There are 2 protein chains.
Amino acid sequence: MPINTTGPAALASRVMNAEAAAALITDGMTIGMSGFTGSGYPKAVPTALAQRMKTAHERGDRFRCRIWTGASTGPELDGVLAQADGVEFRLPYSSDPVARDKINRGEMEYFDMHLSQVAPMAWQGFLGQLDVAVIEISGIRADGTLIPSSSVGNNKTWLDRAHGVILEVNRWQNPALEGIHDIYYGTALPPNRVPIPLVRPDDRIGETGFRCDPDKIMAIVETDMPDRNLPFSPPDDCALAIAGYIVDFLRHEVSRGRLPSSLLPIQSGVGNIANAVLSGLLGSPFEDMTAYTEVIQDGMLDLLRAGKLRMASATAFSLSPEAAAALNRDMGDFRDKLILRPQEISNHPELIRRLGCIAMNGLIEADIYGNVNSTHIMGSRVQNGIGGSGDFARNGFISIFMTPSTAKEGRISAIVPHVPHVDHINQDVQVIVTEQGLADLRGLSPKQRAKVIIENNAHPDFRAALRDYYDRALAHSYGLQTPTLLHEALTWHQRFVDTGSMHA
Amino acid sequence: MPINTTGPAALASRVMNAEAAAALITDGMTIGMSGFTGSGYPKAVPTALAQRMKTAHERGDRFRCRIWTGASTGPELDGVLAQADGVEFRLPYSSDPVARDKINRGEMEYFDMHLSQVAPMAWQGFLGQLDVAVIEISGIRADGTLIPSSSVGNNKTWLDRAHGVILEVNRWQNPALEGIHDIYYGTALPPNRVPIPLVRPDDRIGETGFRCDPDKIMAIVETDMPDRNLPFSPPDDCALAIAGYIVDFLRHEVSRGRLPSSLLPIQSGVGNIANAVLSGLLGSPFEDMTAYTEVIQDGMLDLLRAGKLRMASATAFSLSPEAAAALNRDMGDFRDKLILRPQEISNHPELIRRLGCIAMNGLIEADIYGNVNSTHIMGSRVQNGIGGSGDFARNGFISIFMTPSTAKEGRISAIVPHVPHVDHINQDVQVIVTEQGLADLRGLSPKQRAKVIIENNAHPDFRAALRDYYDRALAHSYGLQTPTLLHEALTWHQRFVDTGSMHA
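Quick notes on the rules
Residues numbered from 1 in each chain as written. Chains lettered and ligands numbered in written order. Predicted model: local features only at pLDDT ≥ 70, side-chain atom pairs only at ≥ 80, totals over all residues. Heavy atoms only, no water. Pairing = 2+ DSSP bridges. Helix = DSSP H or I, 4+ residues; strand = E, 2+ residues; numbered from the N terminus. Salt bridge = Lys/Arg side-chain N within 4 Å of Asp/Glu carboxyl O. Buried < 20%, exposed > 50% of the residue type's maximum accessible area, 1.4 Å probe, protein only. pLDDT = per-residue confidence, 0-100. Contact = heavy atoms within 4.5 Å. Phe/Tyr/Trp six-rings, centres within 6.5 Å; stacked < 30°, edge-to-face > 60°. Lys NZ or Arg CZ within 6 Å of the ring centre and 35° of its normal. Least-squares fit on C-alpha atoms with pLDDT ≥ 70 in both. Expected span 1.5 Å × (residues − 1).

Colleague: A description of the sheet that holds strand E17 (residues 372-373) of chain B should follow, citing residues and the corresponding values.
Modeller: Residue and element names in this part refer to chain B. Within the open sheet, the three strands sit side by side as E17-E16-E23. Their pairing is mixed. Pairing within the sheet leaves two strands with one partner each, and these edge strands are E17 and strand E23 (415-416). Of the pairings in the sheet, the one linking strand E16 (residues 365-367) to E23 comprises two bridges and is parallel in character. Counterpart to Ala366 in the pairing with E23 is Ile415.

Colleague: Describe the sheet that holds strand E17 (residues 372-373) of chain A, with residues and values.
Modeller: What holds strands together in a sheet is hydrogen bonding between their backbones, with the strands either parallel or antiparallel. Residues and elements named next belong to chain A. Ordered in space as E17-E16-E23, the three strands form an open sheet in which the pairing is mixed. Each edge of the open sheet carries a strand with a single partner, namely E17 and strand E23 (415-416). As defined by bridge partners, strand E16 (residues 365-367) adjoins E17 across two bridges and the pair is classed as antiparallel. Considered in E17, the bridge of Ala366 is made with Val372.

Colleague: Talk me through the pattern of salt bridges; I want residue IDs and the actual numbers.
Modeller: In this structure the tally under the stated criterion is 65 salt bridges over all chains. Arg354 of chain A serves as the salt-bridge partner of Glu350 of chain B, at 3.2 Å between the closest nitrogen and oxygen. Of this pair, Glu350 of chain B sits in helix H13 (residues 349-355) while Arg354 of chain A sits in helix H13 (residues 349-355), on two different chains. Judged by relative accessible area, which is 2%, Glu350 of chain B ranks as buried. As a salt-bridge pair, Arg211 of chain B and Glu207 of chain B come within 2.4 Å of each other at their nearest N and O atoms.

Colleague: Go over the confidence of the model for chain A, please, and point to the residues and values.
Modeller: Low-confidence regions, as indicated by low pLDDT, have predicted coordinates that should not be scrutinised in detail. Residue and element names in this part refer to chain A. Looking at chain A, the pLDDT average stands at 95 and 99% of residues meet or exceed 70. Note on residues 1-5: pLDDT under 50 across the span, and 13 contacts to partners over four residues away in sequence or across chains. Predicted complex metrics record ipTM = 0.97 and pTM = 0.97.

Colleague: Tell me what's going on with the packing of aromatic side chains, and back it up with residues and numbers.
Modeller: In this structure the tally under the stated criterion is six aromatic pairs over all chains. Ring geometry for Trp68 of chain A versus Trp158 of chain A: centroids 5.4 Å apart, planes at 50 degrees, classification tilted. Linking Trp68 of chain A in strand E2 (residues 65-68) with Trp158 of chain A in helix H7 (residues 155-161), this pair joins segments that are 90 residues apart in sequence. Classification of Trp158 of chain A as buried rests on a relative accessible area of 0%. The positively charged end of Arg66 of chain A is found above the aromatic ring belonging to Phe89 of chain A, 4.1 Å away from the centroid. The ring of Tyr185 of chain B has Arg211 of chain B sitting right over it, with the charged end atom 3.9 Å from the ring centre.

Colleague: Break down the environment of Val134 of chain B for me, citing the residues and quoting the values.
Modeller: Residues and elements named next belong to chain B. Here Val134 shows up in strand E5 (residues 132-140). Between the alpha carbons of Val134 and Asn426 there is a distance of 39 Å; along the sequence they are 292 residues apart. Apart from the residues lying within four places of it in its own chain, the contact partners of Val134 are Ile25, Ile31, Gly32, Met33, Ser34, Pro42, Val45 and Ile166.

Colleague: Go over the side chain of Asp330 of chain B, please, and point to the residues and values.
Modeller: Turning to its location among the elements, Asp330 of chain B is positioned in helix H11 (residues 321-334). When its relative accessible area of 17% is taken as the criterion, Asp330 of chain B is described as buried.

Colleague: Explain the relation of the copies chain A and chain B to me, using residue names and the numbers behind them.
Modeller: Between the two chain copies there is a screw-like relation: a rotation about an axis and a shift along it. When chain A is fitted to chain B, the residual RMSD is 0.0 Å, and the transformation amounts to a turn of 180 degrees plus an axial shift of 0.0 Å. Accordingly, the operation relating the two chain copies is best matched by a two-fold axis. Closest approach to the rotation axis among the C-alpha atoms of chain A is made by Glu350 of chain A, whose C-alpha sits 2.2 Å away. Most of the interface of chain A is mirrored in chain B, where 100% of its interface residues are also at the interface.

Colleague: Explain helix H3 (residues 44-59) of chain A to me, using residue names and the numbers behind them.
Modeller: With 16 residues, H3 of chain A should cover 22 Å at 1.5 Å per step; its first-to-last C-alpha distance of 23 Å lies within 8% of that length. Gly60 of chain A occupies a position one or two residues after H3 of chain A and carries a positive phi of about 90 degrees.

In structure tokens form, the structure reads like this:
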């Protein structure tokens, strides 16, 4: 009960239940919530808010808000608010299935943003004013500073920018979290920006808690609820093959002297394949590795335990329930090896470029020239969002994208003639890996890339059709820098929409 | 004659004519040349090299090279080498019409790169080894350092990385250039990168010349040849309208307190419209402006003369012949207001983000969701290249793209249902301006953007067709995050290829 025991006495009067706190939120407000990849999001107030929204809608009243977060959250935030039809506008990232359906039915506006840019753009002011911040923390110190929870995200910015603050103090979070956070207060708007003084992934450049004007605190709600993350599947043969190719590639780069034997700081996207790659690094020859990434997944804890990874910097945890329980148990062993930072720092282009991160991200599909779609199924239906992949892909030392070569039991090819939506332009895509092989695209022209991608990445069931498209494009394209058959480029996707398969 | 009078005596023996210097280059070599937007490129050696290539080809011998530069050059480099069929592979940017034809006929490989990434990627090593650097300079000092010419580009990196160096000392360049350059030698490969100590556009962080190992200098060729830049057209009504909307927008941002009254450092792409915008700023209320950009164009000199612009930092000049002559005449007045830097610094994401540049770049076409194609006509035929637009658009404080709303006497719409090639993803495109109006896309979801772009940017002749496409996409798209009709998305471009017009 950190509030009563150590927090400023004046705050005790603002302790209330979630329903009373949610009643401070009204129709049309913009709310900045905590939460990043299913950790550290508020759980009680959004649920109570959703109930109020439903009740209002039953009365025929309008009650919808604009919701900003760090990234994805959990069912008790994005899920319940979407179910209540309570979200008018959402940024910057969402992976909730209910919200996704609403968005793709056109019932909810979604601005899918580079995660590094959320805080600076909020400061720039054109996203509009922020009415309320609803932030999960793990405690309040006697000096009034807030002990962050299992994610940092944009919390510093929401606390600074919001007119009012609602805190959820979650006693489920391990008290040993205290001290692992590094909250940098040196950002500014131009012309007052200065170099960010971080030159190693383990540099600490900030404070261990959030500053918060106590006069802005409208409500404090005590909770005891677990973060809800999904379990990871054990890596299948496909994921293991991808991981194997990546480890081989990195070994090759080390042997050529293009990477140090401890590699460079690793960035790894979220998901089963990313986790498999981390597992693959367990058996690799690399030692004394570091991670400078968005989220700390199960595989990273294994690498830390094994002593292969020296430390990991991120903005959030994204752990399976088992790994979360184990981390809570063993936090004492890990706390000096983990740093959680604001996402504007974990994803900052300046720092990613300086550190030279090895960026590893997933994709939905790539075209034969290496343009990557990582967000829009069939070009129009959003899956999750671009997240931080653009921050890392453009600024990393090497930008790797990985995917199984097919989806939907082989009916969808991840390598297509033309992507109907682009998140990563070919210049930002240096290596593509599928279970079929690895395409090293560095320094290649579009036509050179096409050959390598078709031969190394595509599934054999689609390879002949891709070769055929490319050969005919070479013969008939308007120009031959990036040969394209306009009338045919998107027919694979149209066929899937029409027939459920990209196969002709 | 800087070599004989002040250069190290040992170098005198390496003075030779262009033909003898070109004879040091052999088939298959990779050559790093100076040159950026038609300034500071070597003129005599490439011409002599092209002649040798032609002669070899007439004999039936192979003689083709890989050519790296800063950006575009002039007819005496890209033009003659392409005419001689002497370029096997070209990076990172080219605008030469002969080379463009070769590329689009599939006779020359072209890797179109972010300009900030060329030097670091060359250092990373996977572009291959650099055999020879051919660099135009304006003099050699007694201590052996080289006085740069009218562009800096990647010269520092080529001089450091190449096995051998050929220098063209061009006495046409104004001796008063000496001292305006700022060559930063603090870059490194990770894990040894540190913050770049530049916090204002006028900070000097380097040296005024290039270091060069004298043992690597294979040849010194003396020339007296002008840079060849194209004249600017006087701004037409369309360019003036675009400039007017941009100035109004910037005034509005200042009035809302989102920009200081001196604005933030301006980045301006190359071309007539960009130049018109600079002219528009002449009559604006903004004072004490600065520029942190790639190239210094005519309009910037006018702003400097008028005292509206305090100083300009770039990597090259791109001046009309008249402005170049005037600058050569008045260099004494300008030299403390101009800084030329390596392009890895002029375009560095770290610095663009820190300074908060106002990015203004041209485009070929944008789709109704704000994805921008700035390189590929009809998706396949390259025009010039992405250049530095990606460096500035993603990292700037505000990212503005501008274009006339139609091309080819109204037969092409610059606003289309779907772009067949993406250089700038919608997240990196915040404002689009045509002579029809300005679309402020900041903080908008894709569907919100579509309405603003169609109504504010599209030409009235195409507006109804765009509305019709969008309405039908809303009714029939697979998903409604980014409504798309796959079978129709690229038909405007196909129609142009078939009929010479996008009009149905």
